[in-house]
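Examination of the molecular architecture
Okay, here's what each chain looks like letter by letter:
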Amino acid sequence: MIERHESIVVTTFVRLAVPLAQLFGLYVLVHGHESPGGGFQAGVILAGSYIMLALGLGHETLTRHVDEPRWMALAAAGVLLYVAAGLAGLPRGAFLDYAGLPVNGVRARWLGILLIETGVTLAVTTTLVVIFCRLAARERAS
Amino acid sequence: MSDLLLAALLVLLVVVALAAVRADDLLIAVLALGAYGFVMALTWAAIGAADVSFTEAVVGAGATTVFMLAALLRTTRRRSPAAPGLRWAVLVVVAVVGVQLLGLMAAMPPWGDPAAPAAVHVSPRYLADVLRETGTPNAVTAVLADYRSYDTLIETVVIFTAGVGCWLLLARAHR
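Residues numbered from 1 in each chain as written. Chains lettered and ligands numbered in written order. Predicted model: local features only at pLDDT ≥ 70, side-chain atom pairs only at ≥ 80, totals over all residues.

1. Re the overall build of chain B
- When helices and strands are counted, chain B shows eight helices and zero strands.
- Counting from the amino terminus, chain B carries its helices and strands in the arrangement α-α-α-α-α-α-α-α.
- In summary, chain B has a C-alpha radius of gyration of 20 Å against a globular reference of 16 Å for 175 residues, an excess of more than 25%.
- Considering only residue pairs separated by 6 or more positions, chain B has 44% of its internal contacts joining residues 24 or more positions apart. (Helix = DSSP H or I, 4+ residues; strand = E, 2+ residues; numbered from the N terminus. Rg over C-alpha atoms; globule rule 2.2 N^0.38 Å. Contact = placed C-beta atoms within 7 Å.)

2. Here's the deal with the overall build of chain A
- Along its length, chain A carries five helices and zero strands.
- The order of helices and strands in chain A, counted from the N terminus, is α-α-α-α-α.
- For chain A, the C-alpha radius of gyration of 18 Å lies well beyond 14 Å, the compact-globule estimate for 142 residues.
- Per-residue burial over chain A gives 46% buried out of 142 residues.
- Look at the contacts in chain A between residues 6 or more apart in sequence, and 66% of them connect residues 24 or more apart. (Buried ≥ 20, exposed ≤ 12 C-beta atoms within 10 Å, placed from the backbone.)

3. Here we look at the interface of chain B and chain A
- Counting residues at the interface gives 42 residues for chain B, matched by 46 residues for chain A.
- Among the secondary structure elements, those contributing two or more residues to the side of chain B that touches chain A are helix H3 (50-74), helix H6 (123-134), helix H7 (139-147) and helix H8 (149-172) of chain B.
- Across the side of chain B that touches chain A, the residue classes break down as 24 nonpolar, 14 polar and four charged. (Nonpolar A, V, L, I, M, F, W, Y, C, P; charged D, E, K, R; others polar.)

4. Side note on helix H1 (residues 8-30) of chain A
Residues and elements named next belong to chain A.
- Taking 1.5 Å of rise per residue, the 23 residues of H1 would be expected to cover 33 Å, and the 34 Å separating its terminal C-alpha atoms lies within 8% of that figure.
- Along H1, the largest kink reaches about 25° and is centred on alanine 17; proline proline 19 follows within four residues of it.
- Within the span of H1, buried status applies to Val14, Ala21, Gly25, Val28 and Leu29.
- Where H1 is buried, its residues touch helix H2 (39-57) and helix H5 (106-135). (Expected span 1.5 Å × (residues − 1). Bend = angle between axes of the 7 residues up to and from the residue.)

5. Some thoughts on unusual backbone geometry
- In this structure, leucine 96 of chain A takes a positive phi of about 65° despite not being glycine.
- By the C-beta count within 10 Å, which is 23 here, leucine 96 of chain A ends up buried.

6. What about the confidence of the model for chain B?
- Residues at a pLDDT of 70 or more form 97% of chain B, whose mean pLDDT is 89.
- Reported for the predicted complex are a pTM of 0.88 and an ipTM of 0.88. (pLDDT = per-residue confidence, 0-100.)

7. Looking at the domain arrangement of chain B
- Segmenting chain B into domains produces domain 1 (1-81) and domain 2 (122-175).
- Centre-to-centre, using C-alpha coordinates, domain 1 of chain B lies 23 Å away from domain 2 of chain B. (Domains from an automatic or database assignment.)

8. Section: helix H2 (residues 26-46) of chain B
Residues and elements named next belong to chain B.
- An ideal rise of 1.5 Å per residue puts 30 Å on 21 residues; H2 measures up with 30 Å between its terminal C-alpha atoms.
- Within the span of H2, buried status applies to Leu26, Val30, Leu33, Gly34, Tyr36, Gly37, Val39, Met40, Ala41, Thr43 and Trp44.
- Contacts from the buried residues of H2 go to helix H1 (2-22) and H3.
- Positive phi appears at glycine 48, one or two residues downstream of H2, with a value of about 90°.

9. Looking at the packing of H5 of chain A against H7 of chain B
- Packing of H5 of chain A against H7 of chain B brings their axes to within 9 Å, and their N-to-C directions diverge by 80°. One element, H5 of chain A, and the other, H7 of chain B, form an angle in the roughly perpendicular class. Between H5 of chain A and H7 of chain B, the residues in contact are Arg109, Gly112, Ile113, Ile116 and Glu117 of chain A and Thr141, Ala142, Ala145 and Asp146 of chain B, respectively.
- A per-class count over the contact of H5 of chain A with H7 of chain B returns four nonpolar, two polar and three charged. (Axes fitted to C-alpha atoms, helices over the stretch in contact; angles between N-to-C directions. Parallel < 35°, antiparallel > 145°, perpendicular 65-115°, else oblique.)

10. Brief notes about the confidence of the model for chain A
- The predicted model of chain A has a mean per-residue pLDDT of 89, with 96% of residues at 70 or higher.
- Within chain A, no element has a lower average pLDDT than helix H3 (residues 59-65) of chain A, which sits at 90, and none a higher one than H1 of chain A, at 95.

11. Observations concerning the packing of H1 of chain B against H2 of chain B
Residues and elements named next belong to chain B.
- Between H1 and H2, the shortest axis-to-axis distance is 8 Å and the interhelical angle comes to 165°. Accordingly, the angle class assigned to the pair H1 and H2 is roughly antiparallel. In terms of crossing hand, the pair formed by H1 and H2 is left-handed. Within the contact between the two elements, H1 uses Ser2, Leu5, Leu6, Leu9, Leu10, Leu12, Leu13, Val16, Ala17, Ala19 and Ala20 and H2 uses Ala29, Ala32, Leu33, Ala35, Tyr36, Val39, Met40, Leu42, Thr43 and Ala46.
- Across the contact of H1 with H2, the residue classes tally to 19 nonpolar, two polar and no charged. (Left-handed = near helix turned anticlockwise from the far one by under 90°.)

12. With respect to the environment of arginine 134 of chain A
- Summarising the element assignment, arginine 134 of chain A is placed in helix H5.
- The sequence separation of arginine 134 of chain A and glutamate 68 of chain A amounts to 66 residues, and the corresponding C-alpha distance is 8.9 Å.
- When near neighbours in sequence (up to four residues on either side) are disregarded, arginine 134 of chain A contacts Cys166, Trp167, Leu170 and Ala171 of chain B.

13. Overview of the nonpolar core
- Core analysis: the largest hydrophobic core is formed by 64 residues, its most contacted members being Ala47 and Phe132 of chain A.
- Elements that contribute at least two residues to this core include exactly H1, H2, helix H4 (68-88) and H5 of chain A together with H2, H3, H7 and H8 of chain B.
- The element that contributes the greatest number of residues to this core is H5 of chain A, accounting for 14 residues.
- Each of domain 1 (1-81) and domain 2 (122-175) of chain B contributes no fewer than three residues to this core.
- Apart from residues lying up to four places away in sequence, alanine 47 of chain A is in contact with Val124, Thr125, Leu128 and Val129 of chain A together with Ala63 of chain B. (Core = buried A, V, L, I, M, F, W, Y, C linked by C-beta atoms within 7 Å.)

What follows is the structure in structure tokens.
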């Protein structure tokens, strides 16, 4: 089990850095159209912020925030959001053809990209955090 | 200068890779592997592949290192000794595959070749039309999330499946 770090410098830094990292993760998600990054990278950064929380404030702090079955359901919701964004275009086009989204012109594709990237972020964040939770749950058995 | 930087990064890449393979303490091996991911990210950045560099930095240098450290917490830092016969078998396999890879590399188009198959197939069409068609200046995002969104959908399903698999396996180990 990862204990809370005893140094106040570390815990204070983690308290400050976690929200900043999460803000940056969201920025990477919504700014993926314009700059390097996108849903996947944003998901890993968000997951990293939770892992940092566990490393600094202890595993218990992380498990207080992470209900594993619910988070795996969120991962499934991310995949389903992706599929739903694909299906939304179906009546007026093909699967994953965002031209069918109820927005005019090129903004429809822009919106479609944002929707599926959000799904990817949701799936990646929750999956990585849950794997870390399980992996770090207990130290070696012997 | 750029060539020199790239050469230095590639040399560093080999050095940290050797350090990761040679280390007896697996903690050092994992940290060397993290450094490998970071140098790899710098290499991608040096040749202008910003999106790949970003992914390598967060996944190769970040997430996998943390996961392996967590795995070490649950197992042991000591490397189990390899059987001598196995080492020779590995050397033979690596030599054969390595020679073949080097031979294949000679047949690859040079880096940045505008006449390379990858650069003349659909890439020019994407680059020319991406802004008009998707309103997305970052062509990499447009290709991943729009032109090739089926690939990304399946990748997301793979990540989810891997997550469910790890979750179930590691949950069972506790009981």
